[in-house]
Amino acid sequence: MVAALTLSSVDLRVPRNNKEHHTREMGQRRLIVRRGQAFSITMNFNRDFQPQTDNITFVAETGPDPMELLGTRATFILTQAQHGNVWSVSDFIIDRNSLQVFLFTPASAVIGPYTLKIQISQGQGHSETYPVGTFILLFNPWSTEDDVYMPSEILLQEYIMMDYGFLYKGHQRFITAWPWNYGQFEEDIIDICFEILNKSLYYLNNPSKDYSQRNNVVYVCRVVSAMINSNDDNGVLQGNWGEDYSKGVSPLEWNGSVTILRQWSARGGQPVKYGQCWVFAAVMCTVMRCLGIPTRVVSNFRSAHNMDHNLTIDTYYDPDAEMLPTQRRDKIWNFHVWNECWMIRKDLPPGYNGWQVLDPTPQQTSSGLFCCGPASVKAIREGEVHLAYDTPFVYAEVNADEVIWLYGNGQAQEILAHNTSSIGKEISTKMVGSDQRQNITNSYKYPEGSREERTVFLKASRHVLDQRRASSPFLDLLGSGSERDQPAQLQLHLARTPLWGQDLLLTLRASRVPDRTHPLGPIQLELRFCAQALLHGGHAREPLWKQVVHLNLDFGQEVQWPLLLPYDNYRNRLTDEKLIRVSGIAKVKETGKSMLVLKDISLEAPNLSIEVPERAEVGKALRVYITLTNTQMEPLNDCTMVLEGSGLIDGQITKYLGTLVAGHTIRIQVDLNPIKAGPRQLQVLISSREIKEIKGYKHIYVAAARAS
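Right, let's walk through the structure included here. (Residues numbered from 1 in each chain as written. Predicted model: local features only at pLDDT ≥ 70, side-chain atom pairs only at ≥ 80, totals over all residues. Heavy atoms only, no water.)

1. What to know about the sheet that holds strand 36 (residues 678–687)
- Strand order in the open sheet formed by 5 strands is 31-37-36-33-34, and the pairing between neighbours is mixed. With one partner strand each, in any of the chains shown, strand 31 (616–617) and strand 34 (652–660) form the two edges of the open sheet.
- In this sheet, strand 37 (residues 694–703) lies alongside strand 36 in antiparallel orientation, the contact comprising 9 bridges. Following the sheet pairing, L682 is matched in strand 37 by K698. (Pairing = 2+ DSSP bridges. Helix = DSSP H or I, 4+ residues; strand = E, 2+ residues; numbered from the N terminus.)

2. Some words on the nonpolar core
- Grouped together as the largest cluster of nonpolar side chains are 90 residues, with contacts concentrated most on W180, W278 and Y444.
- The element that contributes the greatest number of residues to this core is helix 8 (residues 277–291), accounting for 13 residues.
- Not counting chain neighbours up to four residues away, the residues in contact with W278 comprise L167, K169, W178, W180, P251, L252, F335, V337 and H536. (Core = buried A, V, L, I, M, F, W, Y, C linked by side-chain atoms within 4.5 Å. Buried < 20%, exposed > 50% of the residue type's maximum accessible area, 1.4 Å probe, protein only. Contact = heavy atoms within 4.5 Å.)

3. Looking at the pattern of salt bridges
- Tallied over the entire structure, the rule returns 37 salt bridges.
- Linking R680 and E25 is a salt bridge whose minimum nitrogen-to-oxygen distance equals 3.3 Å. Within this pair, whereas R680 is found in strand 36, its partner E25 is found in the loop between helix 1 (14–20) and strand 2 (31–34), the two being separated by 655 residues in sequence.
- You can call E25 partly exposed: its relative accessible area is 25%.
- In this structure, R667 engages E611 in a salt bridge whose closest nitrogen and oxygen atoms are separated by 3.5 Å. With R667 in strand 35 (residues 665–672) and E611 in strand 30 (residues 608–611), this pair connects stretches of sequence that are 56 residues apart. (Salt bridge = Lys/Arg side-chain N within 4 Å of Asp/Glu carboxyl O.)

4. What about the environment of T105?
- Positionally, T105 belongs in the loop between strand 7 (98–104) and strand 8 (112–122).
- Placed 355 residues apart in sequence, T105 and A460 show a C-alpha to C-alpha distance of 42 Å.
- Ignoring sequence-local partners within four residues, the contact set of T105 consists of R34, R35, G36, Q37, F39, W87 and L137.

5. Quick notes on the layout of surface pockets
- For the second largest pocket, the calculated volume is near 790 Å³.
- Mapped by element, the contributors of at least two residues to the lining of the second largest pocket are strand 10 (164–171), strand 11 (174–181), strand 16 (331–343) and strand 37. (1 Å grid on protein atoms, 1.4 Å probe; cavity = no way out; pocket = protein on both sides within 12 Å on 5 of 7 lines; lining within 4 Å. Points joined across faces, edges and corners; volume = space filled by probe spheres on them.)

6. Points about the environment of S152
- By the element assignment, S152 lies in the loop between strand 9 (127–138) and helix 2 (153–161).
- Accessibility expressed as a relative area gives 22% for S152, which makes it partly exposed.
- Separated by 102 residues in sequence, S152 and W254 place their C-alpha atoms 32 Å apart.
- One polar contact links the side chain of S152 to the main-chain amide nitrogen of L155, over a distance of 3.1 Å. (Polar contact = N/O pair within 3.5 Å; in protein donor to acceptor, adjacent residues only side chain to side chain.)

7. Some points on the sheet that holds strand 27 (residues 558–565)
- The sheet built from 3 strands is open, its strands ordered 23-24-27 with antiparallel pairing. Since the sheet does not close on itself, it has two edges, and those belong to strand 23 (488–494) and strand 27, each with one partner. Taking the axes of each pair of neighbouring strands and ignoring which way they run, one obtains an average angle of 20 degrees across the sheet.
- In terms of strand pairing, strand 24 (residues 504–512) meets strand 27 through 8 bridges, oriented antiparallel. Paired with S511 across the strands is E558, a residue of strand 27. (Axes fitted to C-alpha atoms, helices over the stretch in contact; angles between N-to-C directions.)

8. Structural notes on the pairing of strand 28 (residues 579–588)
- Extensive coverage of strand 28 is indicated by the burial of 9 of its 10 residues.
- Pairing of strand 25 (residues 523–534) with strand 28 involves 9 bridges; the strand directions are antiparallel. By the bridge assignment, A533 is partnered in strand 28 with I580.
- Looking at chain direction, strand 28 and strand 29 (residues 594–602) are connected through 9 bridges and run antiparallel. Bridge assignment links L579 to a residue of strand 29, and that residue is S602.
- Counting the residues in the hairpin turn of strand 28 and strand 29 gives 5 residues, including G592, whose phi is positive at 80 degrees.

Taken by themselves, the reported measurements are silent on function.
In structure tokens:
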């Protein structure tokens, strides 16, 4: 009588499997594999394995109540033949009492943490169950069968494997590259990603159903989009677009996603304070890349937030050129940041695969929750706004018209400008394999003013505009005011580089041009100028400077007039963004009509430099030097420095630097202890009471530890 076969030990072959499945960066302690690709394990038994009489059935389970019907439980037997895209043993090798098995998971499998068991029986007899181990299953963009398949190794290295990068902020004319530590391969991040899915309202309402849909990339993306913000649930980040961050961390002071995700998890899923659009999008990028979905972060400059769905954003100025607050929720963000995820859209007609917009910033609800997307970038470009999900909202973000009104005596008096091409500018993402910025505006829309662009706009308008638009009280004014004649051309120019802490010098250039009402002859202008701190959300603070200028302009004449905005006027009165809008309204005495001139100014902060004089090596101390010169006219107080960088630092290094006197230079020495080999990025942020964001970065290549 042959002894019953029993399992004595298992080797999950973690180093080899994780390398083959591109998950080695996540660690060597546990098995992390991708669906649609085989992995091998070795099982050792108490005696030689006899395939004729020893029957082995594998059982893989995930979720709270695993069921084959829901796709959260799979059973398959040890057999040589593989039957298509199903859970199966694709091959096995017998070596006496050891059995090496190649397990294949379908490219449509539910992602998540699995337990693997085997049931052993002899012939028709009683079966015994043995635990084999656990593994985590992820999306597989390397597999042609997976909905997230991306057919380029260069793109996969950027959009899955790259754990640092750049976000783009600021203003369309002063775009700032903002280094960010995604850190998706830090060892605990994968667990936090599944914790995020398990705290969603979808899971809490119906855990089994939620788990069964985790094979669907569209579903997973929508869940994550809702869970990065905390508007409906215990999501990761709480938004704050005010200016009081005393109960948390200013959105400008984050360097990366890892600290945020760890804090959220450590506090039992309490939302982390605070986020704004670039923080939401950067954290979502970390989660998506970790789960295996190719993802990038995209910035849209002058981004419309069109809540009344009329494809028009109205802005108001009073006769003194002050930009007025509006009670309406429509606005134009200086910039807005979202994500693009790469996937096949089986839920749409053919032709809309590829990049899809997902926006985790809570702006409006979608199917009852604050999430947005996936909206096909191709559908946005073609104006196919009826296609799921949230395509009309994203279309308006990059295509709405801007109407600027002169407002006085309690009503809109005249149109100062109707801009059809001022929204959706410089749509940007990090270039593949480079630190450069890539302009991807053409993937969202045809060239402004082209026949195709206007055709698409009209097509989208027919879908988006409803009956409310027809009854707009401003419609007649709008129709009559878009092609107005102007008797003069007005431009504001900076006379020198605008540095924070110094007076700002501008030049007004005014020239007389012929128009229908006053083809020739001189005109008299009264120009009222106003400067206001500009908020990220497009609103402005109370005026910080005003000036009145009177000009006589003769036909063919150009006048240059200097304007001085003293430092004392804007000192302590700007937001953290350090943006100023200078507005001018010129009233033409002869006609009583008004003209508008605008200039946005971004103030440059001091620069810091990072030196790494030595070769970097795993496990060997690495000295770095950070240098900062205070170029301001006065001290920077309460300076704090934070260093971050996956593979270089475990978590963060924080140093209090105190006060940096005006004109002085500080050189700080920091010792790092690199943890992982390969290309890494060190991020440095120095913040003070006066300036929140002095940022720098340094690429560091870390060599593997030398053999002793």
